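Each chain, written out:
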Amino acid sequence: MSEPCPRTSYADNAWQGTCRVEENVRVARDTYRLRLACPEIAQRILPGQFLMLRLTAGNDPLLGRPLALYDVYSHCDSSPDAVQVVYLVVGKMTTLLAEIKPGATIDAWGPLGNGFEARPTEHLVMVAGGIGQTPFPAVARECLGLHCYGEPRRQVPRAKKVTLCYGVRSSEYLAGVDDFERLGVEVHVSTDDGSAGHHGLVTDVARSVIERSDAACRMVCCGPEPMLAATAELARELNVPCEVSLERAMACGIGACFSCVAKVRDPSGNWTYRRTCIEGPVFDAAGVEF
Amino acid sequence: MGPAAPKLTPRRSDGYTVVEFIVPRQPPAFLVVTLPPVCRDNTNSANVQLDVQLGRLRLRNPIAVASGTFGYAREMAGLVDLARLGAILPKTITRDPRPGNPPPRSVETTGGMLNSIGLNNDGLDEFIQRKMPYLADLGTAIIVSIAGRTREDFVDLATRLDGVPGIAALELNVSCPNVSGGVDFGTNPDACRQVVAGVRQACSLPVLAKLTPNVTDVALIARAAEEGGADAISLINTCLGMAVDWRRRRAILGNVLGGLSGPAIKPIALRAVYQVARAVEVPVMGIGGIATIDDVMEFLVAGATAVQIGTANFYNPTASMQILDALPTALAELGARSVADVVGTMTERK
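As a convention, each chain's residues are numbered from 1 in the sequence order in which they are written. Ligands are numbered from 1 and chains lettered from A, in the order in which they are written. For a predicted model such as this one, the threshold for reporting local features is a pLDDT of at least 70, and the threshold for listing and counting side-chain atom pairs is 80 or more; totals across whole chains, interfaces and linings nevertheless cover every residue. Excluding hydrogens and water, the side-chain figures rest on all heavy atoms present in the structure.

Further remarks concern the overall build of chain A. Scanning chain A for helices and strands turns up seven helices and 16 strands. Against the globule reference of 19 Å for 290 residues, chain A gives a C-alpha radius of gyration of 18 Å, in line with a compact fold. Principal-axis analysis of the C-alpha atoms gives chain A an extent of 50 × 50 × 35 Å. Relative accessibility decides the category of a residue: with a 1.4 Å probe and only protein chains considered, values under 20% of the type maximum give buried, values over 50% give exposed, and everything between is partly exposed. In chain A, which comprises 290 residues, the share counted as buried stands at 58%. We call two residues in contact whenever any of their non-hydrogen atoms come within 4.5 Å of each other. Pairs at least 24 residues apart make up 64% of the contacts formed inside chain A by residues separated by at least 6 positions. In this description a helix means any DSSP run of H or I spanning at least four residues, a strand means any run of E spanning at least two, and both kinds are numbered starting from the N terminus. The globule rule used for comparison is 2.2 Å times the number of residues to the exponent 0.38, while the radius of gyration itself is calculated over C-alpha atoms.

The subject of this paragraph is the sheet that holds strand β7 (residues 87-88) of chain B. Hydrogen bonding along the main chain pairs the strands of a sheet, whether they run parallel or antiparallel. Residue and element names in this part refer to chain B. In space, the eight strands of this closed barrel follow the order β6-β7-β10-β11-β12-β13-β18-β19, with parallel pairing throughout. In this structure, strand β13 (residues 232-235) lies alongside strand β18 (residues 284-287), joined through three bridges in parallel fashion. Within β18, the residue paired with serine 234 across the bridge is methionine 285. In this analysis an axis means a line fitted to C-alpha atoms, helices contributing only their contacting stretch, and an angle means the value between N-to-C directions, from 0 to 180 degrees. Taken strand by strand, helix α3 (residues 151-162) contacts β10 (141-146) and β11 (169-173), and its axis lies near 155 degrees from that of β10. Strands qualify as paired when DSSP identifies two bridges or more between them.

On to the confidence of the model for chain B, then. The predicted coordinates should not be examined in detail at positions where pLDDT is low. Residue and element names in this part refer to chain B. On a scale of 0 to 100, pLDDT captures the predictor's confidence in every residue. Summing up the model confidence of chain B, the mean pLDDT is 89 and the portion of residues at 70 or higher is 86%. Within the model, pLDDT remains below 50 along residues 1-36, and this stretch shows 43 contacts once partners closer than five positions in the same chain are excluded. When the criterion is pLDDT under 50, residues 38-43 qualifies, and its contacts beyond four places in sequence or with other chains add up to seven contacts. Scored by ipTM, the complex comes to 0.95, with pTM at 0.91.

Among the structural elements, Arg33(A) can be located in strand β2 (residues 31-37). Contacts of Arg33(A), omitting those with residues within four sequence positions, involve Glu23(A), Asn24(A), Val25(A), Val27(A), Tyr70(A), Gln84(A), Val85(A), Val86(A) and Asp179(A).

Further remarks concern the domain arrangement of chain A. Residues and elements named next belong to chain A. Partitioning chain A into domains gives domain 1 (7-112) and domain 2 (123-246). Where each domain begins and ends follows an automated or database-derived domain assignment. Relative placement of domain 1 and domain 2: their C-alpha centres are 22 Å apart. Carbon and sulfur atoms make up 55% of the area that domain 1 and domain 2 hide from each other, which totals about 1,900 Å². Summed over both partners, the accessible area (1.4 Å probe) lost when two parts come together is defined as the buried area. Summed over the three residues of domain 1 that lose the most area to domain 2, namely Arg29, Pro47 and Tyr70, the buried surface amounts to 34% of that side. For salt bridges, the criterion is a side-chain nitrogen of Lys or Arg within 4 Å of an Asp or Glu carboxyl oxygen. For the interface between domain 1 and domain 2, the tally reads two salt bridges. Here arginine 29 makes a salt bridge to glutamate 172, at a shortest N to O gap of 2.6 Å. Polar contact is the term for a pair of N or O atoms within 3.5 Å; when the atoms are in protein, one must be able to donate a hydrogen and the other to accept it, and sequence-neighboring residues count only if both atoms are side-chain atoms. At the surface where domain 1 touches domain 2, the tally comes to nine residue pairs in polar contact (both at pLDDT 80 or more). For the side of domain 1 that touches domain 2, the elements supplying multiple residues, two or more each, are β1 (15-28), β2, α1 (39-44), β5 (71-73) and β6 (82-88). Of the residues forming the side of domain 1 that touches domain 2, the biggest block, three residues, is contributed by β6. The classification used treats Ala, Val, Leu, Ile, Met, Phe, Trp, Tyr, Cys and Pro as nonpolar, Asp, Glu, Lys and Arg as charged, and all other residues, Gly among them, as polar. Of the residues contributing to the side of domain 1 that touches domain 2, the split by class is 13 nonpolar, three polar and five charged.

This is the structure in structure tokens:
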């Protein structure tokens with residue numbers, strides 16, 4: 001059968017169903033980590049992919065919400081059987097999500113999107129702003145050779161070093177720094193108010209990390225749009241490959257609605273609207289028109 | 001002594017199940033229990049005829065997926081058994097590629113969503129070369145949704161699509177609220193009649209006219225489409241709406257106005273289907289907030305011969321499959337032997 005749009009990450013591997021909430025704990029100000037019993041998604045999902053979550057009952061909120069994989073979880077030593085996401089309470093859905101108790105159910109479909117590419121990397125520099133750290137525990141774990149994701153299990157050449165540059169408004173929003181340090185990730189924090197780490201921009205931290213690194217660096221980045229744009233500019237200036245994970249309002253997460261488009265340039269420099277859900281959310285930073 | 005052993009006797013001709021309880025060591029006693037219709041099993045529902053006729057277009061069942069809510073079908077293949085659907089309506093195509101409107105393109109509202117995608121599509125040539133071969137192989141009726149700014153645009157598209165293999169029918173999107181130009185065909189009866197007639201003349205495919213609810217009298221437009229030669233009327237497209245961020249004093253959508261869809265508009269859609277079904281002879285395809293089997297049955301009873309699932313595909317990608325699973329039983333519950341048996345069967349309220 002002919003493929004109507006090659007290079008697109010269709011939801012061919014996706015599962016849809018109702019999952020039991022195993023854990024929903026506060027990890028920082030307005031920030032929660034949710035764990036769902038869902039072996040179907042846990043075994044298939046790749047770092048940088050996402051799932052859609054929707055409250056099981058009712059039509060308000062109506063649409064699902066896209067949430068990046070934080071990491072998969074295994075109850076024993078066997079293959080993963082749960083997925084974790086971390087979310088910031090910002091609106092109607094996340095406010096209700098924060099009230100969900102373990103044992104309740106939630107609807108989910110995924111894995112969705114392309115995820116980060118499995119590329120040989122010497123020094124991976126992850127740049128996160130705000131709640132943009134959420135895709136990176138899985139990225140780091142894979143890059144450090146601590147877990148193989150996907151079905152079949154994806155093999156990624158092991159990186160020598162993984163660094164997280166993590167910028168937040170204020171120290172009370174720092175979520176999951178322990179999780180990264182436990183994996184062996186070097187964490188550099190920056191805050192807007194100087195309450196922790198570097199007082200200033202996360203891109204300043206990323207610049208100094210890369211400039212001081214004696215290995216070939218590659219950047220991955222997730223966070224608010226201005227910070228993504230600044231990181232893309234930094235990558236261009238330092239001539240470092242950089243991928244960005246874009247966040248867009250999505251209605252379906254599977255490419256049906258054409259809501260979540262972003263301006264992406266082709267090699268000849270012309271931009272077109274691309275669907276963030278199935279042609280992203282991860283794009284080469286050099287191609288994104290911010 | 002064990003409990004009474006129920007013994008099922010053959011099904012009665014009226015479909016009710018007779019259950020005899022034979023109680024041991026008791027004077028022979030027979031309990032004839034007549035189960036209410038809701039308790040009947042699927043044996044009868046298996047015999048319900050699901051195929052429907054929309055003018056010259058025959059569908060294997062009345063459950064279609066609405067244009068603009070299902071991509072070009074390939075997107076949904078991982079979660080939906082596409083071959084089970086009554087029909088697939090790919091996203092509307094225009095003659096030339098259109099980038100669509102600036103984001104944000106959709107926003108959730110209470111019980112619904114506003115969108116202003118703006119007919120983002122790669123144009124007719126790309127559709128024929130890249131999308132249609134895939135769609136033609138699915139074994140499902142493909143109803144191609146087309147839009148244009150002028151009558152000539154529609155006629156040109158219809159002419160070009162006429163010979164393309166795998167197309168079951170055309171749906172004329174004369175009702176998209178998110179593009180300037182072309183909307184006239186859905187709001188002006190004469191323009192509507194002429195565009196349908198032009199397409200009918202230009203191609204041999206069955207033609208559906210998809211109407212907007214954003215008019216004073218939708219039945220008037222429907223009659224014009226019928227006069228123009230439409231095989232069926234599909235309605236409703238989205239209701240023109242708006243969302244405002246008062247703190248920033250600006251519209252939330254990039255295009256300011258958008259089309260409201262989802263459960264919030266179901267009553268408007270039911271009303272429009274009811275009014276149009278009584279005003280025209282041709283069949284009606286109901287669209288608007290359909291998400292469950294109950295919604296489908298409401299539309300059929302109100303006068304729709306078939307339905308299109310729209311926004312529900314976004315928030316429950318397998319909604320169409322769940323509805324198809326439940327349809328035979330729901331039809332049997334009304335004692336129907338076919339879909340046609342329930343279409344437009346609302347009783348008058350005294």
